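Here is what each chain is made of, one letter per residue.
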Amino acid sequence: MSDKPDLKPPFTRGAVDIISRKTVYDGFFKMHKLRLRHRLYRGGWGGEMERELFVRGNAVGVLLYDPQHQLVALIEQFRIGALEREAGPWCLEVVAGMVEEGESIEDVARRELQEEAGLEVQGLHFIRSYLPSPGGACERMYLFCACADLRGIEGYFGLAHEHEDIRLRVFPLQVVLDAVNSGDAAIDNAASIISLQWLQLNRDRLGG
């Protein structure tokens, strides 16, 4: 008999009763208002409650790594959610984009690498997927690492009709890892931190 604890919760989606759902905002993003109840750990059902749900499609992020020259490429762009950030609203991030209807997550990764970094990369190393903010949003983020020669690729990218103004920057790997490990505010978004910590643990198997 194994002593390994079971990480799975006792409930699944069937333990949630959606009484009503309506769209309360439909713009660049959507907001739904739900009335629901769910089963309780102590037995029975909880009372009805109302919750707002930020509805956003799934997203894909790609960390660019050059194992031969020990370089990492990150994009820098304006982010409205960081408007009041002490370091300012221009953030260093992995290449990323939203999954559109009919696209696979690998298709999105390659499309965004072309749009935001001007690179065509075939090999993708899957890192993991996760929920960025399950307390109020339904988005799932899928992370990859792509290896490429990053020498001399810095430049300006993005789609003008999507109001993208993207600067691609290349850094020595150790400089970026030191920033993450020290808690430097220059890199303070989850997708980038998770990707770089994964790279720190897995860089040997990627070569270089």
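Shown above is the structure to which this text applies.
Described in the following lines is the structure provided in the data block. (Residues numbered from 1 in each chain as written. Predicted model: local features only at pLDDT ≥ 70, side-chain atom pairs only at ≥ 80, totals over all residues. Heavy atoms only, no water.)

To continue, consider helix α2 (residues 173-182). Among the residues of α2, Leu173, Val176, Leu177, Ala179 and Val180 are the ones counted as buried. Viewed end-on, α2 has its buried residues packed into an arc of 155°, placing them on one side of the element. Tucked inside the fold, the buried residues of α2 contact β4 (59-66), β5 (71-78), β11 (166-172) and α3 (190-202). The first or second residue beyond α2 is glycine 183, which carries a positive phi of 80°. (Buried < 20%, exposed > 50% of the residue type's maximum accessible area, 1.4 Å probe, protein only. Helix = DSSP H or I, 4+ residues; strand = E, 2+ residues; numbered from the N terminus. Arc of directions from axis to C-beta. Contact = heavy atoms within 4.5 Å.)

Counting 24 residues, the largest nonpolar core has Leu63, Tyr65, Val72, Leu74, Ile187, Leu196 and Leu199 as its most contacted members. Listing elements by their share of this core, those giving two or more residues are β4, β5, β8 (125-130), β9 (141-147), α2 and α3. With 5 residues, the single largest contributor to this core is α2. Other than its neighbours up to four places away in sequence, valine 72 contacts Leu63, Leu64, Tyr65, Leu150, Arg169, Val170, Phe171, Leu173, Leu196 and Leu199. Membership of the second largest hydrophobic core comes to 23 residues, among which are Leu64, Ala73, Ala109 and Ala117. (Core = buried A, V, L, I, M, F, W, Y, C linked by side-chain atoms within 4.5 Å.)

Okay, the sheet that holds strand β2 (residues 30-38) next. Think of a sheet as strands paired side by side through backbone hydrogen bonds, with each pair either parallel or antiparallel. Pairing is antiparallel across the open sheet formed by 3 strands, whose spatial order is β1-β2-β3. This sheet does not close on itself; its edge strands, each paired only once, are β1 (16-26) and β3 (49-55). Sheet twist, expressed as the average angle between the axes of neighbouring strands with direction ignored, equals 25°. The pairing of β1 with β2 spans 9 bridges and is antiparallel. Looking at the pairing, arginine 21 lines up with leucine 34 of β2. (Pairing = 2+ DSSP bridges. Axes fitted to C-alpha atoms, helices over the stretch in contact; angles between N-to-C directions.)

Bringing the pattern of salt bridges into the picture now. By the definition in use, this model includes 14 salt bridges. Across the pair arginine 79 and glutamate 93 runs a salt bridge, and its minimum N-O distance is 2.9 Å. Here the residue arginine 79 occupies a position in the loop between β5 and β6 (90-93), and glutamate 93 occupies one in strand β6, the gap between them amounting to 14 residues. Relative accessible area serves as the criterion here: at 10%, glutamate 93 is assigned to the buried category. What you see here is one network of salt bridges that share partners, running through Lys33, Arg35, Glu48 and Glu50. (Salt bridge = Lys/Arg side-chain N within 4 Å of Asp/Glu carboxyl O.)

Turning to the pairing of β5, a few remarks are in order. Successive side chains on a regular strand alternate, one facing one side of the sheet and the next facing the other. Burial within β5 is extensive, with 7 of its 8 residues counted as buried. Examined bridge by bridge, β4 and β5 share 3 bridges and lie antiparallel to one another. Paired with tyrosine 65 across the bridge in β5 is valine 72. Relative to β11, β5 runs antiparallel, the two being bridged by 6 bridges.

Any two packed helices are characterised by the angle at which their axes cross and by the distance between the axes. Running from N to C, α2 and α3 point in directions that differ by 120°, and their axes come no closer than 10 Å. By the angle between their axes, α2 is oblique relative to α3. For α2 against α3, the interelement crossing comes out left-handed. Taking contact as the criterion, the partners of Leu173, Val176, Leu177, Val180 and Asn181 in α2 are, on α3, Ile193, Leu196, Gln197, Leu199 and Gln200. (Parallel < 35°, antiparallel > 145°, perpendicular 65-115°, else oblique. Left-handed = near helix turned anticlockwise from the far one by under 90°.)

There is a patch of nonpolar side chains on the surface, built from Phe78, Ile80, Leu83 and Trp90 and spanning about 450 Å² of accessible area. As for its placement among the helices and strands, phenylalanine 78 is situated in strand β5. The partly exposed category is assigned to phenylalanine 78, whose relative accessible area is 38%. (Patch = residues over 30% accessible without salt bridge, like charges linked within 9 Å, V, L, I, M, F, W, Y side chains within 5 Å. Areas by Shrake-Rupley, 256 points an atom, 1.4 Å probe, with all protein chains shown as cover.)

This part covers α3. Because an α-helix packs 3.6 residues into every turn, residues spaced three or four apart end up facing the same way. With 13 residues, α3 should cover 18 Å at 1.5 Å per step; its first-to-last C-alpha distance of 18 Å lies within 8% of that length. For α3, the full list of buried residues reads Ala191, Ser192, Ser195, Leu196, Trp198, Leu199 and Asn202. One side of α3 carries all its buried residues, which in axial view fall inside an arc of 155°. Tucked inside the fold, the buried residues of α3 contact β4, β5, β6, β8, β9 and α2. (Expected span 1.5 Å × (residues − 1).)

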